[in-house]
Amino acid sequence: MNREEIKQYILETYAATSDCPWDKNPNFEVFRHVGSKKWFALFMDIPQRYLGLKNDTVSDVMNVKCDPILIGSLCKEKGIFPAYHMNKNHWISVFADGTVPPERIKMLINISFEATAPKIKRKKNFSKTRQAATCLVSLQK
């Protein structure tokens, strides 16, 4: 999948918006959760040397958040690298030029979308709070 195909897939599959937040880099595009606005994908066109390769060819790259346990093995695959300009413990860079198989791209986007999704807040367990309060009252008597 190339950059345009991946972008189309994201917009058709996820509740997401995109924007280009940097005037200096108008081709850098961020995909965010609709509600929380948290990033889950970032597209850039960067020289391959930024990824540790030995040439200045500019390539389309997508950064996605990933489970730290998976990053080491994923970076051994063709077209997947430690993240450019992001926390390398939690993000990876992926060529968006057809190098990485479509199913792998989709899997990585899904992992990133889930990893950056807003967390559901738990309600306080009021029965335990009542039990503790009851114990305190009985101790004070």
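Quick look at the structure, then. Keep in mind that what you see is a predicted model, and the values were worked out from it rather than measured.

## A look at the pattern of salt bridges
When the charged atoms of two side chains lie near each other, side chains of opposite charge can form a pair.
And then number 1: Counted according to the given criterion, the structure contains 7 salt bridges.
And then number 2: A salt bridge links Lys7 to Glu29; the nearest nitrogen and oxygen atoms lie 2.8 Å apart. Of this pair, Lys7 sits in helix 1 (residues 3–13) while Glu29 sits in strand 2 (residues 29–33), and the two are 22 residues apart along the sequence. The same class applies to Lys7 and to Glu29, which are both buried.
And then number 3: Among the salt bridges present, the one from Asp56 reaches Arg49, with a minimum N-O distance of 2.4 Å.
And then number 4: Taking relative accessible area as the criterion, Asp56 reaches 51% and is therefore assigned exposed.

## Let's talk about the sheet that holds strand 4 (residues 58–65)
And then number 1: Taken together, 6 strands build an open sheet; the order of strands is 1-2-3-4-6-5 and the sheet is antiparallel. The open sheet terminates on both sides in strands that have one partner only, identified here as strand 1 (16–19) and strand 5 (80–82). Taking each pair of neighbouring strands and ignoring which way they run, the sheet shows an average axis angle of 25°.
And then number 2: Pairing of strand 1 with strand 2 involves 4 bridges; the strand directions are antiparallel. Within strand 2, the residue paired with Ala16 across the bridge is His33.

## Considerations on the environment of Lys7
And then number 1: Looking at Lys7, the relative accessible area reads 14%, which means it is buried.
And then number 2: Setting aside its immediate chain neighbours within four residues, Lys7 contacts Glu29, Phe31 and Phe43.
And then number 3: For Lys7, the side chain forms a polar contact with the side chain of Glu4, separated by 3.3 Å.

## Topic: the nonpolar core
And then number 1: Among the nonpolar cores identified, the biggest contains 24 residues, and Ile6, Ile10, Met62, Ile92, Val94 and Ile109 are the most heavily contacted of them.
And then number 2: Within the residue set of this core, elements represented by two or more residues are helix 1, strand 3 (39–47), strand 4, helix 2 (68–74), strand 6 (91–95) and helix 3 (102–115).
And then number 3: Ranked by residues supplied to this core, first place goes to helix 3 with 4 residues.
And then number 4: Ignoring sequence-local partners within four residues, the contact set of Met62 consists of Ile6, Ala41, Leu42, Phe43, Ile92, Ser93, Val94, Ala96, Ile105 and Ile109.

## Some remarks on unusual backbone geometry
And then number 1: Of note in this structure, Lys37 is not a glycine but carries a positive phi near 70°.
And then number 2: One can find Lys37 in the loop between strand 2 and strand 3.
And then number 3: Exposure remark for Lys37: the relative accessible area of 43% places this residue in the partly exposed category.
And then number 4: You will see that His85, though not glycine, has its phi angle at about 65°, which is positive.
And then number 5: Tracing the backbone shows His85 in the loop between strand 5 and strand 6.

## Here's the deal with helix 1
And then number 1: The set of residues buried in helix 1 consists of Arg3, Ile6, Lys7, Tyr9 and Ile10. Projected down its long axis, helix 1 carries its buried residues within an arc of 160°, all on one side.
And then number 2: Summarising the contacts, the buried residues of helix 1 are in contact with strand 1, strand 2, strand 3, strand 4 and helix 3.
And then number 3: Between a side-chain oxygen at the N-terminus of helix 1 and the backbone nitrogen of Glu4 the separation is 3.1 Å; the capping residue is Asn2.

What counts as what
- Residues numbered from 1 in each chain as written.
- Predicted model: local features only at pLDDT ≥ 70, side-chain atom pairs only at ≥ 80, totals over all residues.
- Heavy atoms only, no water.
- Salt bridge = Lys/Arg side-chain N within 4 Å of Asp/Glu carboxyl O.
- Helix = DSSP H or I, 4+ residues; strand = E, 2+ residues; numbered from the N terminus.
- Buried < 20%, exposed > 50% of the residue type's maximum accessible area, 1.4 Å probe, protein only.
- Pairing = 2+ DSSP bridges.
- Axes fitted to C-alpha atoms, helices over the stretch in contact; angles between N-to-C directions.
- Contact = heavy atoms within 4.5 Å.
- Polar contact = N/O pair within 3.5 Å; in protein donor to acceptor, adjacent residues only side chain to side chain.
- Core = buried A, V, L, I, M, F, W, Y, C linked by side-chain atoms within 4.5 Å.
- Arc of directions from axis to C-beta.

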